[in-house]
Amino acid sequence: MKITLIGPPGSGKGTQAVRLKEKYAVPHISSGDVLRSEVAGGTDFGKQIKQYMDKGEIGPVELITKVILNYLKENCKSGFIFDGFPRTVYQGEELGKIETLHAAIFITVSEDEIIKRITGRRSCNECKNIFHVVYNPPQKEGICDNCGAELVQRSDDNEKTVINRIRVYNEETKPVIEFYEKQGLLHKINGERNPDDIFKDITAVLS
Ligand code: AMP
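What you are looking at is a predicted structure, and each value in this text was computed from that prediction instead of being measured.

Novice: Any chance you could explain the environment of Gly14 here in plain terms?
Specialist: With respect to the secondary-structure elements, Gly14 resides in helix α1 (residues 13–24). Linking Gly14 and Gly84, residues 70 residues apart in sequence, is a C-alpha distance of 8.7 Å. Beyond its immediate chain neighbours, meaning those up to four positions away, Gly14 contacts His28, Asp83 and Ile130.

Novice: Looking at this structure, I do not really get the pattern of salt bridges. What am I missing?
Specialist: As a working rule, side chains carrying opposite charge can pair if their charged atoms are close by. According to the stated counting rule, one finds 17 salt bridges in the structure shown. One salt bridge in this structure joins Lys97 and Glu94, with 2.7 Å as the shortest N-O distance. Taken together, the residues Lys97 and Glu94, both in helix α5 (residues 89–98) and three residues apart, mark about one turn of the helix. In this structure, Asp197 engages Lys200 in a salt bridge whose closest nitrogen and oxygen atoms are separated by 3.9 Å. Of the two residues, Asp197 and Lys200 both sit in helix α8 (residues 195–206), three residues apart, roughly one turn of that helix. For Lys200, a relative accessible area of 57% corresponds to the exposed category. Linked by salt bridges that have partners in common, Arg121, Arg154, Asp156, Asp157 and Arg165 make up one network.

Novice: What exactly am I supposed to notice about the side chain of Asn164 here?
Specialist: With respect to the helices, strands and loops of the structure, Asn164 is situated in helix α7 (residues 159–182). Assessed through its relative accessible area of 17%, Asn164 is described here as buried. Within polar-contact distance, the side chain of Asn164 engages the backbone oxygen of Lys55 at 2.7 Å. Here Glu57 takes part through its side chain, which lies 2.9 Å from a polar atom of the side chain of Asn164. Those residues within four positions of Asn164 in sequence are excluded, and the remaining contacts are Lys55, Gly56 and Glu57.

Novice: How do you make sense of the state of the cysteines when you look at a structure like this?
Specialist: Here, the word disulfide means a covalent bond between the sulfur atoms of two cysteines. Across all of its chains, the model carries zero disulfides by this definition. Distance from the sulfur of Cys124, which forms no disulfide, to the nearest cysteine sulfur (Cys147) is 3.5 Å. Exposure remark for Cys124: the relative accessible area of 2% places this residue in the buried category. No disulfide involves Cys144; its sulfur sits 3.6 Å from that of Cys127, the nearest cysteine.

Novice: I keep staring at the sheet that holds strand β6 (residues 130–132) and nothing clicks. Help me out?
Specialist: The strands making up a sheet are joined through hydrogen bonds of the backbone, oriented either antiparallel or parallel. The strand order across the open sheet formed by three strands is β6-β5-β7, and the pairing between neighbours is antiparallel. Looking along the sheet, the strands with just one partner apiece sit at the ends: β6 and β7 (151–152). Here strand β5 (residues 121–124) runs beside β6; their pairing, made up of three bridges, is antiparallel. Opposite Ser123, over in β6, you have Ile130 as the bridge partner.

Rules used throughout
Residues numbered from 1 in each chain as written. Predicted model: local features only at pLDDT ≥ 70, side-chain atom pairs only at ≥ 80, totals over all residues. Heavy atoms only, no water. Helix = DSSP H or I, 4+ residues; strand = E, 2+ residues; numbered from the N terminus. Contact = heavy atoms within 4.5 Å. Salt bridge = Lys/Arg side-chain N within 4 Å of Asp/Glu carboxyl O. Buried < 20%, exposed > 50% of the residue type's maximum accessible area, 1.4 Å probe, protein only. Polar contact = N/O pair within 3.5 Å; in protein donor to acceptor, adjacent residues only side chain to side chain. Disulfide = S-S within 2.5 Å. Pairing = 2+ DSSP bridges.

Structure, rendered in structure tokens:
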């Protein structure tokens with residue numbers, strides 16, 4: 001299975017990717033997680049991209065694309081669930097040079113909903129499960145129900161950065177939707193529903 005999940009920040013790509021990974025036993029690659037681990041590791045590349053990530057910008061796209069596609073080549077030879085990549089048509093073209101996708105799942109959600117979701121989001125850095133302080137609170141505050149690790153609020157999950165992330169999505173990532181539509185790979189899913197219903201629709205597409 002070689003698929004990508006596309007959608008604005010907070011559309012539920014990460015939530016669905018974790019479920020899909022469990023169901024199909026295929027690696028989940030979140031480009032944001034790959035980049036955040038470079039920042040956390042203090043690598044030269046991490047230092048270079050941190051300022052862009054803090055602002056919700058794409059940054060040096062050719063370099064970032066190389067790093068993520070190298071990660072793909074090394075870790076996901078027989079399949080992958082991409083989440084957050086491609087984010088630009090250039091990235092889609094570069095991915096297309098080395099892999100053939102089976103589907104691009106486009107999860108839709110309104111801007112008002114994005115802001116509510118992102119500002120209350122709490123993430124588990126260990127098992128990648130995602131919670132929300134109001135909509136999906138963990139049983140014990142600040143602790144992941146699944147693995148017991150501490151939940152964190154991402155530094156870019158604030159209202160100011162999210163507005164910029166939405167702008168970047170509208171300008172850079174929306175054209176990727178058309179890119180996959182033209183290739184007959186796009187499947188549009190309404191992301192403003194219960195995660196179980198969204199998951200059912202995605203698995204129906206994939207089967
Ligand atoms: P995400 O975890 O997908 O919300 O991404 C967080 C941040 O990482 C984004 O705002 C970008 O700064 C950066 N990022 C993630 N994926 C990509 C990508 N495919 N290309 C460039 N930057 C990315």
